[in-house]
Each structure stands twice: as structure tokens, then as C-alpha cells.
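Letter by letter, the chains look like this.
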Amino acid sequence: MTPEDMKSRTFQYGIRAIRLADALPQNRSAELNARRLIQHGTSVGANYRAACRAQSARDFVAKRGIVEEEADEALYWMEILVETGLMKASRPAASRKEGNEIIAIIIASIRSAREKARR
């Protein structure tokens, strides 16, 4: 997967997070959770783009680590929405799958960058 492909994929992940948040009912707990989902879901793409502009291998790894954390947090908020009954489990299923795939790709990328830096 090229960096441009991943930029597109993480951007679309953020769009999905916004759409999931917009589908929530209008109440206090849904609104608070929606904000967090949007914040972390859109941060995945923003931080991936920043990682692509890293100034060093160390900076690259650190920024990719942020991408991993943000994707994991977005998954957490999706789980909260399902467990609290604010959203049916089927609604975020594709987004949760995509989030897990993004995390796996980022982890592999971090490992590869660390191995390359050791050589």
C-alpha cells in the first residue's frame, strides 16, 4: 500500500467516524461520545499525514505511534456506543474492522521502521 493509498484510507476512516457520530440520538451522553469519536477518528488521518512528513526515522515512528493510539481510541468510543445501547453493534461493524486493519498496518510499519533504523 502506498502512502497516498493510506492517506485516502485514513481520511475515509475519519469521514466514517463523523457519519457514525451524526447517526446518534440527540442526548447528552451521545453528544459527548460523538465528539470523542469524531476527535479521535479524524485524528487518525491527520496524524498519518504528519507522519508522512516526518523529519527523521525517530520522528516517523513517534508519529505513527500517535496514529495507532488515535485509531485505538476511536475503536474504544465505538465500543462504548454499542455497550451503552446508543448504537446497534452492526452500525459500526465495518468501521471497527477498518480501524483494526489500520492499526495492524501501522504497527507493521512501525516495526519495519525500527528494524531499518537498527541496521
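Remember, predicted model here, so these are calculated numbers, not experimental data.

Notes on the confidence of the model for the protein chain
Here comes step 1: Averaged over all residues, the pLDDT of the protein chain equals 96, while 100% of them reach at least 70.
Here comes step 2: When mean pLDDT is taken per element in the protein chain, helix α1 (residues 3-22) scores highest with 98 and helix α4 (residues 93-118) scores lowest with 94.

Comments concerning the pattern of salt bridges
Here comes step 1: Scanning all chains against the criterion turns up seven salt bridges.
Here comes step 2: With its nearest N and O atoms 2.4 Å apart, the salt bridge here joins R9 to E101. Taken together, the residues span a long stretch of sequence, with R9 in helix α1 and E101 in helix α4 at a distance of 92 residues.
Here comes step 3: Owing to a relative accessible area of 18%, R9 belongs among the buried residues under this scheme.
Here comes step 4: Given a relative accessible area of 28%, E101 falls into the partly exposed group.
Here comes step 5: The residue R96 makes a salt bridge to E79 at a minimum N-O spacing of 3.9 Å. Of the two residues, R96 sits in helix α4 while E79 sits in helix α3 (residues 57-83), which places them 17 residues apart along the sequence.
Here comes step 6: Residues joined by salt bridges that share partners form a network here, namely R9, K97, E98 and E101.

Cut-offs used in this document
Residues numbered from 1 in each chain as written. Predicted model: local features only at pLDDT ≥ 70, side-chain atom pairs only at ≥ 80, totals over all residues. Heavy atoms only, no water. pLDDT = per-residue confidence, 0-100. Helix = DSSP H or I, 4+ residues; strand = E, 2+ residues; numbered from the N terminus. Salt bridge = Lys/Arg side-chain N within 4 Å of Asp/Glu carboxyl O. Buried < 20%, exposed > 50% of the residue type's maximum accessible area, 1.4 Å probe, protein only.

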